[in-house]
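Structure assessment
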Amino acid sequence: HWQNNKKAKDPKGITNRALVNEAHGLGLNPNKPAYLEELKSIKDGYPASWFPHGSELQRLHVSVAHEKARQSGLDVKNLVLDLRQGGKDRIWRDDGLLPGSSSGSPGVHYDFSRHRPITGQEELLLRGFPINRIEFKGAADSDVVRLAAS
């Protein structure tokens, strides 16, 4: 339960609290992400399959970014969010391009037009790599994401 996460002392715990506070400030319930409710109205089955490998924190991050962008008048349909960043360091773009990274480390980007994270092959393609000339057999998607970020 998000509100009981006040004992965390590590940077992740601080980010969790900051994100929960931001969600409350936007009028969101951190335990019931509004973005997920919107997805339910778009297509049946999203609640069961939407971002299944994402952590609870990442799903809250997506919901907060969606609501903040919506309230700011950004083009939410073309929003791309860097999930490595949290709290006040959140990085997103509303022009469909990948956000830059302040850390330089590989990470997950969430694409609101597809309602899912961008795959490693999509990351490579977006960065200009000729993916039709690369052999991906046996490579995990996380490895391909790391390749794209290097």
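The rules behind the values
Residues numbered from 1 in each chain as written. Predicted model: local features only at pLDDT ≥ 70, side-chain atom pairs only at ≥ 80, totals over all residues. Heavy atoms only, no water. Helix = DSSP H or I, 4+ residues; strand = E, 2+ residues; numbered from the N terminus. Buried < 20%, exposed > 50% of the residue type's maximum accessible area, 1.4 Å probe, protein only. Contact = heavy atoms within 4.5 Å. Areas by Shrake-Rupley, 256 points an atom, 1.4 Å probe, with all protein chains shown as cover. Salt bridge = Lys/Arg side-chain N within 4 Å of Asp/Glu carboxyl O. Core = buried A, V, L, I, M, F, W, Y, C linked by side-chain atoms within 4.5 Å. Phe/Tyr/Trp six-rings, centres within 6.5 Å; stacked < 30°, edge-to-face > 60°.

Describing the overall build of the protein chain
In terms of regular secondary structure, the protein chain is built from 6 helices and 4 strands. Its helices and strands in sequence order give the protein chain the pattern α-α-α-α-β-β-β-β-α-α, from N to C terminus. Buried residues in the protein chain amount to 37% of all 150 residues. Intrachain contacts of the protein chain at a sequence separation of at least 6 include 46% that bridge at least 24 residues. Carbon and sulfur atoms make up 50% of the accessible area of the protein chain, which totals about 8800 Å².

Topic: unusual backbone geometry
Positive phi values are uncommon outside glycine, yet His115 reaches one of about 60°. Tracing the backbone shows His115 in the loop between strand 3 (109–111) and strand 4 (116–117).

Considering the environment of Leu147
Checked against the element boundaries, Leu147 lands in helix 6 (residues 141–149). For the pair Leu147 and Gln121, spaced 26 residues apart in the sequence, the C-alpha separation amounts to 9.6 Å.

Remarks on the pattern of salt bridges
Summed over the entire model, instances satisfying the criterion amount to 4 salt bridges. Where Glu67 meets Arg70, a salt bridge forms, and the shortest distance between an N and an O atom there is 2.5 Å. Taken as a pair, Glu67 and Arg70 lie in helix 4 (residues 56–72) at a separation of 3 residues, close to a single helical turn. The class of Glu67 is buried, set by a relative accessible area of 10%. A relative accessible area of 46% places Arg70 in the partly exposed class. Close ionic contact of Arg114 with Asp111 constitutes a salt bridge, the shortest N to O distance being 3.4 Å. With a relative accessible area of 10%, Asp111 lands in the buried category.

Considerations on the nonpolar core
With 14 residues, the main nonpolar core has Tyr35, Trp50, Val62, Leu81, Tyr110 and Phe112 as its most contacted residues. At the level of elements, helix 2 (34–42) and helix 4 are the ones that each hand at least two residues to this core. Ignoring anything within four residues of it in the chain, the contact list for Phe112 reads Tyr35, Val62, His66, Val76, Lys77, Leu79 and Leu81.

Looking at the packing of aromatic side chains
Using the criterion set out here, one finds 3 aromatic pairs in the structure. With a centroid separation of 5.0 Å and 70° between ring planes, the pair formed by Tyr110 and Phe112 is classed as edge-to-face. Of the two residues, Tyr110 and Phe112, both sit in the buried class. By way of ring pairs, the aromatic residues Tyr35, Tyr110 and Phe112 are connected into one cluster.

Note that all results are geometric; they support no functional claim without further evidence.
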